[in-house]
Amino acid sequence: MTTTPDTTIRATLLFLAGMALIALLYLTRELMAPFALAIFVWLIIDAFARWMDNLSPKFPYWLALTIAVLIVVALMAGFILVIADTVGDVVRDAPRYEKRLSEIFAWISNVTGRETMSFESMNESFGLTEKIQGGLTTFASTVQGVLSEFFLIALYVVFLFAAQSSFPKKMDDLFPNMERRKQASKVGARIRTSIEKYLSVQTIISLMQTVISYIAMTALGLDNALFWALVIFVLNYIPIVGGLFAVGLPVIFALVQFDSLGRVGLLAALLFGAQTIIGNTIQPKMMGDSMNLSALVVILALSVWGALWGGVGAFLSAPLTVIIMIILAQFPTTRWIAVMLSADGNPDMENEGDEVIPSL
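Residues numbered from 1 in each chain as written. Predicted model: local features only at pLDDT ≥ 70, side-chain atom pairs only at ≥ 80, totals over all residues. Heavy atoms only, no water.

Trainee: Lay out the side chain of Ser317 in plain terms, naming residues and giving numbers.
Mentor: With respect to the helices, strands and loops of the structure, Ser317 is situated in helix α12 (residues 295-328). Within the local environment of Ser317, its side chain forms a polar contact with the backbone oxygen of Ala314, the two atoms lying 3.1 Å apart. Not counting chain neighbours up to four residues away, the residues in contact with Ser317 comprise Pro239, Ala301, Leu302 and Trp305. (Helix = DSSP H or I, 4+ residues; strand = E, 2+ residues; numbered from the N terminus. Polar contact = N/O pair within 3.5 Å; in protein donor to acceptor, adjacent residues only side chain to side chain. Contact = heavy atoms within 4.5 Å.)

Trainee: An account of the packing of aromatic side chains is needed here, citing residue identities and associated values.
Mentor: Any pair of aromatic rings gets described here by the distance separating the centres and the angle formed by the planes. Overall, the coordinates contain 8 aromatic pairs when judged by the stated rule. Ring centres of Phe35 and Tyr156 lie 5.3 Å apart, and the angle between their planes is 85°; on these two criteria the pair is classed as edge-to-face. Pair noted here: Phe35 is in helix α2 (residues 29-55) and Tyr156 is in helix α6 (residues 128-163), with a separation of 121 residues, a long-range link. The class of Phe35 is partly exposed, set by a relative accessible area of 31%. Relative to Trp228, the ring of Phe227 lies with its centre 5.1 Å away and its plane at 65°, an arrangement referred to as edge-to-face. Taken together, the ring pairs in this structure connect Phe227, Trp228 and Phe253 into an aromatic cluster. (Phe/Tyr/Trp six-rings, centres within 6.5 Å; stacked < 30°, edge-to-face > 60°. Buried < 20%, exposed > 50% of the residue type's maximum accessible area, 1.4 Å probe, protein only.)

Trainee: Break down the pattern of salt bridges for me, with residues and values.
Mentor: All told, the structure shown has 4 salt bridges when counted by the stated rule. Between Glu196 and Arg192 there is a salt bridge, with the nearest N and O atoms lying 2.9 Å from each other. Here Glu196 pairs with Arg192, and both are found in helix α8 (residues 178-219), just 4 residues apart, close to one helical turn. What makes Glu196 buried here is its relative accessible area of 18%. Its relative accessible area of 26% is what places Arg192 among the partly exposed residues. (Salt bridge = Lys/Arg side-chain N within 4 Å of Asp/Glu carboxyl O.)

Trainee: Summarise the nonpolar core; cite the residues concerned and give the values.
Mentor: Burial of nonpolar side chains together is a common tendency in soluble globular proteins. Membership of the largest hydrophobic core comes to 43 residues, with the highest contact counts inside it found for Trp305, Trp309 and Leu316. Counting residues per element, the ones that place at least two in this core are α2, α3 (61-92), α6, α8, α12 and α13 (335-341). The greatest single-element share of this core, amounting to 14 residues, is contributed by α12. If you look at the next biggest cluster of nonpolar residues, it comprises 26 residues, including Val231, Ile238, Ala254 and Ala268. (Core = buried A, V, L, I, M, F, W, Y, C linked by side-chain atoms within 4.5 Å.)

Trainee: I'd like to hear about a nonpolar patch on the surface, residue by residue, with values.
Mentor: Together, Ile9, Leu13, Phe15, Leu16, Met19 and Ile22 line one region of the surface with nonpolar side chains, adding up to about 600 Å² of accessible area. You can see Phe15 is positioned in helix α1 (residues 4-27). Among the residues examined, Phe15 registers a relative accessible area of 51% and is labelled exposed. (Patch = residues over 30% accessible without salt bridge, like charges linked within 9 Å, V, L, I, M, F, W, Y side chains within 5 Å. Areas by Shrake-Rupley, 256 points an atom, 1.4 Å probe, with all protein chains shown as cover.)

Trainee: Residue-level account of the confidence of the model for the protein, with values.
Mentor: On average, residues of the protein score 77 in pLDDT, and 76% of them are at 70 or above. Between residues 351-360, whose pLDDT stays under 50, and residues either more than four places distant or in other chains, the model counts 18 contacts. (pLDDT = per-residue confidence, 0-100.)

Trainee: Account for unusual backbone geometry, with residues named and values stated.
Mentor: Excluding glycine, a negative phi dihedral is what most residues carry, and trans is how most peptide bonds are arranged. Although it is not a glycine, Asn224 adopts a positive phi angle of roughly 55°. Residue placement: Asn224 occurs in the loop between α8 and α9 (225-235). Residue Asn224 is classed as buried on the basis of its relative accessible area of 16%.

Have a look at this one:
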């Protein structure tokens, strides 16, 4: 008797379940995206608090947690203030930037021999002013959306900490069987360790690149260097493309501000050089195999999660995919998917393989 029909049915059901899950994630994105972000903020705060708590036995966890929360809130408030200040500076200096754009188009016109090329003509043909205003409006709407969701995310984080003490008992109730409970606990610990390592390493790497970039931008006199440094810090959390955009945006802005192409080239060399050196030498050594995702999977995950949840999805694409990979690796029916997602064919994320959870 062949098992082909059974395998086909399982594959079909698995495919339909996956499509249903993707549709559900998209339809509930307004609810699930802030909650997912809240979980990661909770993990960051808790990991930071436990790190401070381990520094000294006289340093209680509640004090470490209070300090961690205050630091995160202060950083968020500072980021918002910098954004507001930058918007005011851009509006104030808009005539100077427009004049510089006219000079750039005049230079391009002389080089190409097209006398009709100017900022005014290009603006009339392509509606540059409307597009810039539309971009600023979109940016303002994004900031407003983040601010409006900030309180919801903060509320989620508060309740996550409030419910943290009951998690062990809930695990006991969910898995009365001792073996299953141990396996579930190991999987949960593996997920948490992997995500915490990823977030901590990304934070350290982003800080290094931000400090170096801020020094370079300040030394060369780039306007709103602090804002661009914060942009670099945030975008570096987005895998692969985030770092490119983080460096490219201030360089494009430098083209509008600086009169000398030499200064623009020097800034680009410093920013891209720092990004390349840190990304290719320091980051791989610190990150190790905490993600264990192939480059192709990282790109696909970025595209999929970005389409589902927008900026939050792109920001969390790598850790969310790792969570899915580790969970899928625990079941024989879906383990092959986890193997395909992994970089080394070992989706268990540890050297000594664990026994997978048997099929129900």
